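Below are the chains, spelled out letter by letter.
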Amino acid sequence: MPSYNQSHLRQLESEAIYVMREVAAQFERPVLLFSGGKDSIVMTHLAQKAFWPGRILFPLLHVDTGHNFPETLDFRDELVDKLGARLIVRYVQDSIDQGRAKEETGPTASRNALQIVTLLDALNEFKFEAALGGARRDEEKARAKERFFSHRDRFGQWDPKNQRPELWSLYNGRKHMGESFRIFPISNWTEMDIWQYIRMENIELPSLYFSHRRDVINRDGVLLAASDVVQPLPGEVVENRVVRFRTIGDMTCTGAVMSGAASLDDIIYEVASARVTERGARADDKRSEAAMEDRKKQGYF
């Protein structure tokens with residue numbers, strides 16, 4: 001890797017570590033949101049560096065939709081054991097059983113948006129004041145509006161017009177009773193930065209990110225993994241394709257891409273030449289032009 005790229009990545013790494021240390025200094029009960037995806041895995045790696053030789057100061061919180069890829073859950077458990085970190089898992093199914101969330105119906109039904117209720121309940125249960133997430137501004141136009149310290153009201157909701165200035169890397173974590181913050185230490189990273197950093201640091205990832213054969217269903221241009229929760233509709237067929245996933249989430253809305261990229265170098269080359277964003281294969285973002293922003297205003301990641 002060219003030394004220029006390494007210098008650029010070290011600068012981003014230093015910025016993220018600084019933000020994490022600011023969180024540790026300003027909040028008594030922070031938590032790291034963990035999805036098992038590449039961005040949250042990079043976040044745990046950065047947290048290790050931020051507080052080395054001590055353990056990660058933040059517990060990890062995973063909201064399990066019940067429709068996660070098995071590879072993601074296996075990787076999550078192995079990583080937590082390796083880190084010696086505390087893992088908290090809360091389940092969307094429990095929110096449904098308690099009447100807190102209502103299961104969607106129909107051919108495009110997904111539990112992705114239902115995570116909002118489970119997440120907000122978990123944050124309230126443990127009185128977490130700050131939740132660190134792996135969102136980046138390059139991912140989606142709503143996320144481009146976020147600050148590093150993103151204020152949430154006492155209902156856990158986000159108002160993009162009511163955020164605080166962050167001049168000279170000064171972050172204001174002051175809040176009223178019941179309010180909280182979402183913290184995004186890798187806001188300034190791009191998808192390419194993430195992949196180059198993973199290669200530079202030799203960070204392990206779930207196998208889903210690399211080229212493999214899988215049964216998929218083409219649904220409105222999105223290649224969904226065929227499974228117990230994603231069955232072919234009338235007129236759809238199951239095809240065995242060579243694919244990989246650029247982003248990992250709920251199986252009902254996370255699409256694969258046709259790809260032969262079987263190594264980090266292959267993926268970096270592919271990302272460099274891609275003309276579709278990594279969330280271009282997410283069915284949940286296609287529901288409306290403002291789908292992500294609407295979910296974020298309700299308390300989404």
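Provided above is the structure to which this section pertains.
Described below are features of the structure shown in this document. (Residues numbered from 1 in each chain as written. Predicted model: local features only at pLDDT ≥ 70, side-chain atom pairs only at ≥ 80, totals over all residues. Heavy atoms only, no water.)

## A short note on the packing of aromatic side chains
Piece 1. Per the counting criterion, the structure on display carries 11 aromatic pairs.
Piece 2. Pairing W195 with Y209 gives two aromatic rings, centres 5.6 Å apart and planes at 80 degrees, and the pair type is edge-to-face. Here Y209 lies in the loop between α6 (191–201) and β7 (212–219) and W195 lies in helix α6, a separation of 14 residues in the sequence. The burial state of W195 is the same as that of Y209; both residues are buried.
Piece 3. Every member of this aromatic cluster is reached through a ring pair, and the members are Y18, F27, F148, F149, Y171 and F181.
Piece 4. In this structure, R137 packs its charged tip against the face of F148, placed 5.1 Å from the ring centre. (Phe/Tyr/Trp six-rings, centres within 6.5 Å; stacked < 30°, edge-to-face > 60°. Helix = DSSP H or I, 4+ residues; strand = E, 2+ residues; numbered from the N terminus. Buried < 20%, exposed > 50% of the residue type's maximum accessible area, 1.4 Å probe, protein only. Lys NZ or Arg CZ within 6 Å of the ring centre and 35° of its normal.)

## A word on unusual backbone geometry
Piece 1. In this structure, the amide linkage connecting W52 to the following residue, P53, adopts the cis form with an omega of 10 degrees.
Piece 2. Looking at the secondary structure, you find P53 in the loop between α2 (38–51) and β2 (60–64).
Piece 3. A positive phi angle, near 55 degrees, is found at N202, a position not held by glycine.
Piece 4. Within the secondary structure, N202 is located in the loop between α6 and β7.
Piece 5. One non-glycine residue with positive phi stands out, namely D220, at about 55 degrees.
Piece 6. By the secondary structure assignment, D220 is in the loop between β7 and β8 (222–225).

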